[in-house]
Amino acid sequence: MPELPDVEIFRQYAEKNALNQEIEKVTVDEPKIAETDESQLNEELKGRELIRAERLGKYLLLTTTKENILVMHFGMTGWLEYKQGEKHRHTRASLIFSNGYALNFINPRKLGRISFSSNLDAFQKEKKVGKDALAIKLEEFQDLIRKKKGTLKSFLMNQSIIAGIGNIYSDEILFQAGMNPKRQISELEDYQHMALFQLIKEVLHKAIEHNADPGNMPLSFIIPRRKEGEKCPACGGEVKKDKVSGRGFYYCPTCQK
DNA sequence: GTCTTTGTTGGCAC
DNA sequence: AGTGCCAACAAAGA
């Protein structure tokens with residue numbers, strides 16, 4: 001689930017629910033997902049409040065009153081819940097507020113991570129996070145795509161180049177662009193760089209507008225039809241599955257050349 | 001039981 | 001150095 005649009009929805013949720021409340025304590029139920037351990041998280045967060053919820057690629061950044069950052073990454077599956085009372089069984093960590101509510105980090109497969117950072121730039125460098133896919137400008141995008149090699153799909157999914165696009169949304173962007181994910185980026189002309197740039201923005205914005213809910217995407221999207229034998233929303237042909245850089249992808253052989 | 005899965009990292013080959 | 005491929009991590013569903 002958690003690619004850029006999903007994390008953006010989580011960001012909005014955290015912003016709406018969890019800011020400006022005193023943090024009473026932090027609990028970690030699964031130490032594996034905490035790169036900063038429970039006692040240190042408490043040291044940094046106890047008695048403070050969250051004042052901003054931001055996002056960088058697939059990372060959610062919760063800034064504290066001391067201008068430090070609680071960083072969350074959801075891995076392959078995960079979400080947030082702000083609630084009182086019983087926790088979801090896959091809750092791996094919680095921020096407990098003085099009003100009795102908790103912001104729960106739910107992460108069934110334990111591939112997500114939370115950590116604490118005092119410096120966003122240092123964090124971004126250390127984790128090799130590139131430009132956020134919604135923040136990047138056309139000129140920056142063109143510089144990057146001109147000097148990189150490899151397939152379109154691996155380019156879009158490489159977080160150190162552009163941050164936020166994963167397997168699902170790279171499929172969607174390339175479907176909308178009418179480009180085969182296996183194509184080499186070196187084959188593209190400048191006008192195609194621009195088209196791709198526009199479609200990255202458009203697909204991600206539309207997904208966010210639709211709450212990043214795969215069951216609620218525009219009819220023109222291939223996302224709801226990521227299954228072999230489904231029909232292409234553009235031409236009615238059959239959706240096919242293939243593999244590149246170790247990841248399965250779905251596409252329409254007729255529409256994507 | 002087997003295979004696949006929305007992510008990331010590290011190892012190996014070229 | 002850059003790129004591709006694979007395994008590992010973990011758990012759930014088909």
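That block above? That's the structure.
Note that the structure is a prediction, hence the values are computed from the model and not measured.

### Concerning the protein's contact with DNA strand C
- As a structural note, the neighbourhood of DNA strand C is formed by 13 residues, with Lys 32, Pro 108, Lys 110, Lys 149 and Gly 150 the closest of them.
- The share of sugar and phosphate among atoms of DNA strand C within 4 Å of the protein is 79%.
- Contacts to DNA strand C include Arg 109, whose backbone N or O atom sits 3.2 Å from a sugar or linking oxygen.
- Within the contact set of DNA strand C, a phosphate oxygen lies 3.3 Å away from a backbone nitrogen or oxygen of Thr 151.
- Of the residues belonging to the surface near DNA strand C, the class tally is two nonpolar, five polar and six charged.

### Digging into the protein's contact with DNA strand B
- Around DNA strand B sit 16 residues, and of these Met 1, Lys 58, His 73, Met 76 and Lys 241 come closest.
- Near-protein atoms of DNA strand B (within 4 Å) split between backbone and bases, with sugar and phosphate holding 60%.
- Here Arg 247 contributes a side-chain N or O atom positioned 3.2 Å from a phosphate oxygen of DNA strand B.

### Side note on the layout of surface pockets
- Its volume calculated, the largest pocket comes out at about 500 Å³.
- For the largest pocket, the lining is made up of 21 residues, of which Met 1, Glu 3, Asn 167, Ile 168 and Arg 247 are closest to its centre.
- Top contributing element to the lining of the largest pocket by residue count: helix H6 (residues 167-177), with three residues.
- Residue classes in the lining of the largest pocket are distributed as ten nonpolar, five polar and six charged.

### A few points about empty space enclosed by the protein
- The full count for this structure, using the stated rule, is one cavity of 30 Å³ or more.
- Within this model, the largest cavity holds a volume of roughly 50 Å³.
- Every residue along the wall of the largest cavity is listed here: Val 26, Leu 41, Leu 45, Leu 70, Met 72, Ala 93, Ser 94, Leu 95, Leu 103, Phe 105 and Ile 114.
- Looking at the lining of the largest cavity, the elements with two or more residues in it are helix H2 (38-45), strand E4 (69-73), strand E6 (91-97) and strand E7 (102-106).
- Take the lining of the largest cavity: its biggest share by element is three residues, from E6.

So, how was this worked out
Residues numbered from 1 in each chain as written. Chains lettered and ligands numbered in written order. Predicted model: local features only at pLDDT ≥ 70, side-chain atom pairs only at ≥ 80, totals over all residues. Heavy atoms only, no water. Near = heavy atom within 4 Å. Polar contact = N/O pair within 3.5 Å; in protein donor to acceptor, adjacent residues only side chain to side chain. Nonpolar A, V, L, I, M, F, W, Y, C, P; charged D, E, K, R; others polar. 1 Å grid on protein atoms, 1.4 Å probe; cavity = no way out; pocket = protein on both sides within 12 Å on 5 of 7 lines; lining within 4 Å. Points joined across faces, edges and corners; volume = space filled by probe spheres on them. Helix = DSSP H or I, 4+ residues; strand = E, 2+ residues; numbered from the N terminus.

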